[in-house]
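Spelled out from the first residue to the last, the chains are:
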Amino acid sequence: MRVCFGDCVADFDARELFLAGKPVHVEPRAFRLLELLIAARPRALSKQELQEALWPKTYVTERSAARLVSDLRQALDDRGKVPRFIRTVHRFGYSFCAEANPLNRAAGQDTVFKLLWADREIALQEGENILGRERDAVAWIDVYSVSRRHARIVVSGDRATLEDLGSKNGTFLNDEAATKPRRLGDGDRLRIGTVEMTVRRYVGGVSTQSVRRSQ
């Protein structure tokens, strides 16, 4: 199963983790911790539950789990004080505190939408993806010209739709103001305030724009 959360994708079958479209190294036990937390969400897992699942029949101290959580947070670019994904439940354990959505599979292939911004690749999840200065936005854009909840992209299977959320400086698609919901295509140019991005659509890991150029 492949799960998308924030700008991350975790493939629990292939045991791979991607952050902003780039592979991230994470040790097997930390990857298993992520799998346990996502499967249990929104329920918090106690330290004892985690110890029994991660170190069966082995005595370890609570520091072992804390170090593992720290390693996982570092891999996910998460922060303990203001967590995006892993929340510490004081004197109890940990919980996964973000939305996590399975990536659809159609005809044996995945359709994945990404936003390219400067040197970043932001993977969009199935459902609603908020773009703005709000810290828990899928595309967190900390730029003065961008509103807190500037726009959203709704992904449904192999379709993605852009909608402005009443932003101050507007949302533009291919240099035209997006005053109503607009369907996105591979290679579309998106402007949020003064921030420019490119939309990419991949099917089975291949850009549909690349496929068209080769035909």
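Use the structure listed above.
Residues numbered from 1 in each chain as written. Predicted model: local features only at pLDDT ≥ 70, side-chain atom pairs only at ≥ 80, totals over all residues. Heavy atoms only, no water.

**Section: the overall build of the protein chain**
Step number 1: A count of helices and strands for the protein chain gives four helices and 21 strands.
Step number 2: Going through the 215 residues of the protein chain one by one, you find that 47% of them count as buried.
Step number 3: Long-range pairs, those at least 24 residues apart, make up 44% of the contacts in the protein chain with a sequence separation of at least 6. (Helix = DSSP H or I, 4+ residues; strand = E, 2+ residues; numbered from the N terminus. Buried < 20%, exposed > 50% of the residue type's maximum accessible area, 1.4 Å probe, protein only. Contact = heavy atoms within 4.5 Å.)

**A few points about the pairing of strand β7 (residues 93-96)**
Step number 1: Burial along β7 is two-sided: Gly93 and Ser95 and Tyr94 and Phe96, pointing in opposite directions, are all buried.
Step number 2: Pairing of strand β5 (residues 45-46) with β7 involves two bridges; the strand directions are antiparallel. Residue pairing for β7: Ser46 is matched across the bridge by Gly93.
Step number 3: Summarising the sheet, strand β6 (residues 86-89) and β7 pair through four bridges and their orientation is antiparallel. (Pairing = 2+ DSSP bridges.)

**Considering the pattern of salt bridges**
Step number 1: This model, assessed by the stated rule, comprises 13 salt bridges.
Step number 2: With a closest N to O distance of 3.5 Å, Glu134 and Arg148 form a salt bridge. Taken as a pair, Glu134 in the loop between β12 (127-132) and β13 (139-140) and Arg148 in the loop between β13 and β14 (151-156) lie far apart in primary sequence, 14 residues in all.
Step number 3: It is possible to trace a salt-bridge network through shared partners that takes in Asp7, Arg84 and Arg120. (Salt bridge = Lys/Arg side-chain N within 4 Å of Asp/Glu carboxyl O.)

**Remarks on helix α2 (residues 47-54)**
Step number 1: Residues of α2 that are buried: Leu50, Gln51 and Leu54. End-on, the buried residues of α2 take up no more than an arc of 100°, which puts them together on one face. Exposed and facing more than 90 degrees away from the buried side of α2 are Gln48 and Glu52.
Step number 2: Lining the buried residues of α2 we find α1 (28-40), β5, α3 (62-75) and β7. (Arc of directions from axis to C-beta.)

**Concerning the packing of α1 against α2**
For any two helices packed against each other, one specifies the crossing angle of their axes together with the interaxial distance.
Step number 1: Running from amino to carboxyl end, α1 crosses α2 at an angle of 130°, the nearest separation of the two axes being 11 Å. For the element pair α1 / α2, the angle class is oblique. Of the two possible hands of crossing, α1 and α2 adopt the one that is right-handed. Contacts between α1 and α2 pair Arg29, Arg32, Leu33 and Leu36 from the former with Leu50, Ala53 and Leu54 from the latter.
Step number 2: Split by residue class, the contact of α1 with α2 holds five nonpolar, no polar and two charged. (Axes fitted to C-alpha atoms, helices over the stretch in contact; angles between N-to-C directions. Parallel < 35°, antiparallel > 145°, perpendicular 65-115°, else oblique. Left-handed = near helix turned anticlockwise from the far one by under 90°. Nonpolar A, V, L, I, M, F, W, Y, C, P; charged D, E, K, R; others polar.)

**What about the sheet that holds strand β8 (residues 101-102)?**
Step number 1: If you trace the five strands from one edge of the open sheet to the other, you get β4-β3-β2-β1-β8, paired in antiparallel fashion. Taken across any chain shown, the strands that pair with only one partner, and hence form the sheet edges, are β4 (22-23) and β8.
Step number 2: Of the strand pairs in this sheet, strand β3 (residues 16-19) and β4 are connected by two bridges, and their pairing is antiparallel. Its bridge partner being in β4, Leu19 is matched across the sheet by Lys22.

**Regarding the sheet that holds β7**
Step number 1: Strand order in the open sheet formed by three strands is β5-β7-β6, and the pairing between neighbours is antiparallel. Looking at strand neighbours, the two that pair on one side only are β5 and β6, the edges of this open sheet.
Step number 2: Docked against the sheet, α1 engages β5, β6 and β7, running at close to 70° with respect to β7.

**Some thoughts on the packing of α1 against α3**
Step number 1: Remark: α1 packs on α3, axes separated minimally by 9 Å, with the N-to-C direction vectors making an angle of 85°. Classified by the angle between their axes, α1 and α3 sit roughly perpendicular to one another. Where α1 abuts α3, its residues Arg29, Ala30, Leu33 and Leu34 lie against Leu68, Val69 and Leu72.
Step number 2: Its residues assigned to classes, the contact of α1 with α3 shows six nonpolar, no polar and one charged.

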